[in-house]
Amino acid sequence: MKILAINPGMLSLKIGIFEDDKLVKNSTINHPYDELCKYPNIMDEFDYRKEALMKELEKMGVGLDFDVVVAAIGGYAALPAIDGAELAGWNPVSVFGHEAELGKRVCVIGGAATAADAAIYLARKGHEVVEISRKNIGAYELNPIRERGNVNQLSVQSGVKHIRNAVTTRIEPGKVFYTAQDGTEGCVECDDIVAAGGILPLGEAATAFHGSAKEFYAIGDCAQRGDMRRAIFDAW
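Below or above, wherever it landed, is the structure these notes cover. (Residues numbered from 1 in each chain as written. Predicted model: local features only at pLDDT ≥ 70, side-chain atom pairs only at ≥ 80, totals over all residues. Heavy atoms only, no water.)

1. Details of the sheet that holds strand E14 (residues 215-218)
Right, so step 1: One open sheet holds the five strands; their spatial order is E3-E2-E1-E4-E14, and the pairing between them is mixed. The open sheet is flanked by strand E3 (22-30) and E14, the only strands paired with a single partner. For this sheet, the mean angle separating the axes of adjacent strands, direction not counted, is 15°.
Right, so step 2: Summarising the sheet, strand E2 (residues 12-19) and E3 pair through eight bridges and their orientation is antiparallel. By the bridge assignment, Ile15 is partnered in E3 with Ser27.
Right, so step 3: On top of the sheet, helix H2 (residues 46-59) reaches strand E1 (2-8), E2 and E3; it is set at about 45° to E2, its chief contact. (Pairing = 2+ DSSP bridges. Helix = DSSP H or I, 4+ residues; strand = E, 2+ residues; numbered from the N terminus. Axes fitted to C-alpha atoms, helices over the stretch in contact; angles between N-to-C directions. Contact = heavy atoms within 4.5 Å.)

2. Some thoughts on the packing of aromatic side chains
Right, so step 1: Here the structure, examined in full by the defined rule, presents two aromatic pairs.
Right, so step 2: Between Tyr39 and Tyr48, the ring centres sit 5.7 Å apart and the planes meet at 35°, which makes this aromatic pair tilted.
Right, so step 3: According to the relative accessible area criterion, Tyr48 is buried, its value standing at 19%.
Right, so step 4: Here Lys2 stacks its cationic end above the ring of Phe66, 4.9 Å away from the centre of that ring.
Right, so step 5: Looking at Arg170, its charged tip hangs above the ring of Phe177, at a distance of 3.8 Å from the centre. (Phe/Tyr/Trp six-rings, centres within 6.5 Å; stacked < 30°, edge-to-face > 60°. Buried < 20%, exposed > 50% of the residue type's maximum accessible area, 1.4 Å probe, protein only. Lys NZ or Arg CZ within 6 Å of the ring centre and 35° of its normal.)

3. Brief notes about the sheet that holds strand E11 (residues 185-189)
Right, so step 1: Here we have three strands laid out as an open sheet, ordered E9-E10-E11, and antiparallel in their pairing. Strands with a single pairing partner mark the edges of an open sheet, and in this sheet they are strand E9 (167-172) and E11. Ignoring which end each strand starts from, the neighbouring axes of this sheet average 25° apart.
Right, so step 2: Across five bridges, E9 lies against strand E10 (residues 175-179) in antiparallel orientation. Across the sheet, the residue bridging to Thr168 is Tyr178, located in E10.

Here it is as structure tokens:
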């Protein structure tokens, strides 16, 4: 059985050609950051990425007569439902490797693990970080026995300032407004804003490959938002 597995990343595309369970060919396409910046959002990159894939398969001498196509193209970071959310120039994924482009003062909106990771990363890179969360603890969805405590301890050690039990109400240029648990309104002044609105599946992009082989499977976050254990199970 001839299988094509594709795994697009933020700036790359990994390709694996399998004969049954044996990897026979593989390659990685690196997409220049400046080239991807030409597209307003990730869905607009589809034709560009597909053309790059077809050219790479031709260069590898691989025909398109696959028995199975497996798409693991992930999800994309969504904006939170907050007035002025479009003013947030960053999400918890896009900051990695680009910390030099952010100002000194950064406000991170969100309390899940992705937001907590971004806050820790930026703080350890020398930024003054304030994290606003509805919950009374960060990375609330992680395992409470091990991961959650470790992330919160590392956040404190990294110098992240936390505003807990608060609801972000609106964003204005250089300002993030929130309502605290006691009903009072506060404001964080900052140079840049990182807004976490969750991860949405790239289902439309994945199903574009439907019909390209006898069997088609969409796995991972492009099928349904999940975690590492689910991704491993899907791949297995």
